[in-house]
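Below, each chain spelled out in residue letters.
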Amino acid sequence: MASSSLPFTSLHLQFVSPNTKSSTTRLSSRRIRASVSEKPPVPAPAVAVPAKGETKLPLKKIPGNYGVPIVGPFKDRLDYFYNQGRDEFFKSKIQKYNSTVFRTNMPPGPFISQDPKVVALLDGKSFPVLFDVTKVEKKDLFTGTYMPSTDLTGGYRILSYLDPSEPKHARLKQLLFFLLKSRRDHVIPEFQASYSELFETLEKEVAEKGKSSFQTANDQAGFNFLCRAFFGSNPPDTKLGTDGPSLISKWVLFQLGPVLKLGLPKYVEELLIHTFPLPPALVKKDYQRLYDFFYESSGSIQDEAEKLGISREEACHNLLFATCFNSFGGMKIFFPNMLKWIGRAGIKLHNRLATEIRSAIRSNGGKLTMAAMEQMPLMKSVVYEALRIEPPVPLQYGRAKKDIVIESHDAVFQVKQGEMLFGFQPFATKDPKIFERAEEFVGERFMGEEGEKLLKHVLWSNGPETQQPTLGNKQCAGKDFVMLMSRLLVVELFRRYDSFDIEVGKSALGAAVTVTSLKRASF
């Protein structure tokens, strides 16, 4: 999701310098912060195999096969996108092999991906091995078994595609931490300003037409917010105007098209985006417009990049990617999904949220502060639950650095060096052996001491919620920034409205949400 991070504590935004040691806190008063540390990261707890005699789990051969070259991957691709659909594709193989760990092919396959063969990890116990950079390599695996042309990113391999072992990884991630440290005071006011415009747009359209697309308003508000908060630049006041969201959507399609289903006729879609990559030249001018805007807007951040040994050009391409692909892309996917789940939860949850949020703000002098948000346990739990039940980045990949063993709930498996590991996160975070009522949206799931113990199984950030991004891991640099802006959306929504009604459809990137009514705050 996001590639920049804004850490926060219960009272104020806080950043930890590379040489600062943070004190241990109790889980019930847990502080969320980004630790920018040059020390080796603590690996995610996942794949330690118990010593001999400590487990009764059998050692099993990984079931499944890849089929005949070209034919097998092509059949799996058709099943994944059309014949079965993504979730049923995985469920059917779990049932077939009676295992949540198995071999399969992952799209796109021929002729975009040279090697589509993966070992799938589809439970909450095996999945976290993908976070352990001592066991898996993340080089060029951000989008899966293929990598988009670097012509789409100025000729550079962007931070998201770098493994922590590569020297530039730490420097580029350090730059993103600097970006957010330098702009932390602008986040809350700019979010409130940008999303006030969004809510005014929704209200006006609902009043005039009886409905309003949340996506359309969210795209413009989200992009404006990010540019104002990160760079102090308002896109509508520049040559870019209001074109940013549409340019980004087109550019992202050229990168993610091979793993998307757009709803076109099957064989048209197969030929157009799943079999051969779209030519980067078709979006060269669009990308240049975005690049020019970011180059002109990010001068002070480029100055810092040069101090870190990064050229201004490379820094700008990374800032563009972090803002447009990671941060904006995350908001584009996750905000409608979160609105969908909260909307479906109904009036009872809405009333509880409105009461909690307004009471906390009143008790803090009528102003929204970090301290006020720490007094909203239901609001925080609702955001965690939305990230659990429908994580915005569902697919994760890693290549085994050495021969390793992986443990599921039912067995132990051996993986050879060089094999590709794949995890489908929604199955891991809806694992019924970890979560009760795993398929249900339970707003209060993460409240209280017992609820907070479950946070280690919330994995949306390419790492457990209980761990933090560092220079030496691949956890989303924007983990805490994403959490903050997601909480701000819920807070601003229920400051204004007692409840709301929606209609939900589908889009290539998640839910398509149409707002049909907004009930103004009555208390």
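It should be emphasised that the depicted structure is a prediction, and the values quoted were computed from it without experimental measurement. (Residues numbered from 1 in each chain as written. Predicted model: local features only at pLDDT ≥ 70, side-chain atom pairs only at ≥ 80, totals over all residues. Heavy atoms only, no water.)

(A) Spotlight on helix α7 (residues 266–274). Buried within α7 we find Glu-269, Glu-270, Ile-273 and His-274. The buried residues of α7 occupy one face: seen down the axis, they fall within an arc of 110 degrees. Turned more than 90 degrees away from the buried face of α7, the exposed residues are Tyr-267 and Leu-271. Buried residues belonging to α7 abut α1 (71–83). (Buried < 20%, exposed > 50% of the residue type's maximum accessible area, 1.4 Å probe, protein only. Helix = DSSP H or I, 4+ residues; strand = E, 2+ residues; numbered from the N terminus. Arc of directions from axis to C-beta. Contact = heavy atoms within 4.5 Å.)

(B) Broad picture of the packing of aromatic side chains. The final tally for this structure, using the stated rule, is 37 aromatic pairs. Considering the side-chain rings of Phe-111 and Phe-276, the 5.9 Å spacing of their centres and the 15 degrees angle between planes classify their relative orientation as stacked. You can see Phe-111 sitting in the loop between β4 (101–105) and β5 (117–121) and its partner Phe-276 sitting in the loop between α7 and α8 (284–297), a full 165 residues away along the chain. Under the relative-accessibility criterion, Phe-111 is labelled exposed at 54%. With a centroid separation of 6.4 Å and 65 degrees between ring planes, the pair formed by Tyr-161 and Phe-321 is classed as edge-to-face. Here Tyr-161 is found in the loop between β6 (136–137) and α3 (167–183), whereas its partner Phe-321 is found in helix α10 (residues 312–345), with 160 residues between them in sequence. Site record: aromatic cluster; members linked through ring pairs are Phe-191, Tyr-195, Phe-223, Phe-225, Phe-230, Phe-231, Phe-293, Phe-294, Phe-328, Phe-335 and Phe-481. A cation over an aromatic ring shows up here: Arg-388 above the ring of Phe-435, its NZ or CZ 5.0 Å from the ring centre. (Phe/Tyr/Trp six-rings, centres within 6.5 Å; stacked < 30°, edge-to-face > 60°. Lys NZ or Arg CZ within 6 Å of the ring centre and 35° of its normal.)

(C) Expanded view of unusual backbone geometry. Between Pro-107 and Pro-108 the backbone carries a cis peptide bond, its omega angle lying at 15 degrees. In this chain, Pro-110 is followed by Phe-111 through a cis amide linkage whose omega measures 0 degrees. Of note in the backbone geometry, Asn-98 takes a positive phi value of approximately 50 degrees without being a glycine. Along the chain, Asn-98 turns up in the loop between α2 (86–97) and β4.

(D) Region of interest: the sheet that holds β5. Spatially, β4-β5-β11-β8-β6 is the arrangement adopted by the 5 strands of the open sheet, whose pairing is mixed. The sheet is open, and its two borders are formed by β4 and β6, each paired with just one other strand. (Pairing = 2+ DSSP bridges.)

(E) Molecular detail of the UniProt feature "binding site: heme" (unreviewed entry) in the chain. Summarizing the sequence annotation, UniProt attributes the feature "binding site: heme" (unreviewed entry) to Cys-476 in the numbering used throughout. Inspection of the secondary structure assignment puts Cys-476 in the loop between α15 (448–453) and α16 (479–496). Residue class for Cys-476 comes out buried when judged on its relative accessible area of 9%. (UniProt positions renumbered as here; feature names shortened; annotations may be inferred.)

(F) Region of interest: the pattern of salt bridges. Applying the stated criterion across every chain yields a total of 33 salt bridges. For Glu-419, the salt bridge is made with Arg-103, and the minimal N-O distance between the two is 2.5 Å. With a gap of 316 residues between them, Glu-419 in the loop between β10 (412–415) and β11 (420–424) and Arg-103 in strand β4 connect regions that are remote in the sequence. The exposure classification of Glu-419 matches that of Arg-103, with both residues buried. Among the ionic pairs, Glu-374 bridges to Lys-380, the shortest N-O distance being 3.2 Å. The network of salt bridges with common partners includes Asp-140, Arg-157 and Glu-166. (Salt bridge = Lys/Arg side-chain N within 4 Å of Asp/Glu carboxyl O.)

(G) Quick peek at the sheet that holds strand β12 (residues 497–507). A sheet is described by the order of its strands in space; here 3 strands give the open sequence β7-β13-β12, paired in antiparallel fashion. Both edges of this open sheet fall to β7 (212–213) and β12, since each of them pairs with a single strand only. Relative to strand β13 (residues 510–520), helix α4 (residues 187–209) is tilted by about 75 degrees, and along the sheet it contacts β7, β12 and β13. (Axes fitted to C-alpha atoms, helices over the stretch in contact; angles between N-to-C directions.)

(H) Examining the side chain of His-350 more closely. Relative to the helices and strands, His-350 resides in helix α11 (residues 347–362). Setting aside residues up to four positions removed in sequence, His-350 forms contacts with Ile-342, Gly-343, Phe-494, Asp-498, Ser-499 and Phe-500.

(I) Here's a closer look at the confidence of the model for the chain. Here the chain shows a mean pLDDT of 91. Residues at 70 or above account for 89%. This stretch, residues 1–53, has a pLDDT under 50; its non-local contacts, to residues over four places away or in other chains, come to 156 contacts. (pLDDT = per-residue confidence, 0-100.)

(J) Just the environment of Phe-177, in detail. By the secondary structure assignment, Phe-177 is in helix α3. Phe-177 sits in the buried class, given a relative accessible area of 3%. Along the backbone, Phe-177 and Ala-477 are 300 residues apart, and their C-alpha atoms lie at a distance of 7.6 Å.

(K) Broad picture of helix α13 (residues 377–389). Here α13 spans 18 Å end to end across 13 residues, near enough to the 18 Å set by a 1.5 Å rise per residue. Burial analysis of α13 places 12 of its 13 residues in the buried class, the great majority of the element. When we look at burial in α13, the residues that qualify are Leu-378, Met-379, Lys-380, Ser-381, Val-382, Val-383, Tyr-384, Glu-385, Ala-386, Leu-387, Arg-388 and Ile-389. Buried residues belonging to α13 abut α10, α11, α12 (370–374), α14 (425–429) and α16. (Expected span 1.5 Å × (residues − 1).)

(L) The arrangement of the packing of helix α9 (residues 299–307) against α10 in detail. Interhelical geometry of α9 versus α10 gives an angle of 125 degrees and a closest axis separation of 9 Å. The pairing of α9 with α10 is recorded here as oblique in orientation. Considering how the two elements wind past one another, α9 and α10 form a crossing that is right-handed. From α9, Gly-299, Ile-301, Gln-302, Asp-303, Ala-305 and Glu-306 reach across to α10, where they touch Arg-312, Ala-315 and Leu-319. (Parallel < 35°, antiparallel > 145°, perpendicular 65-115°, else oblique. Left-handed = near helix turned anticlockwise from the far one by under 90°.)

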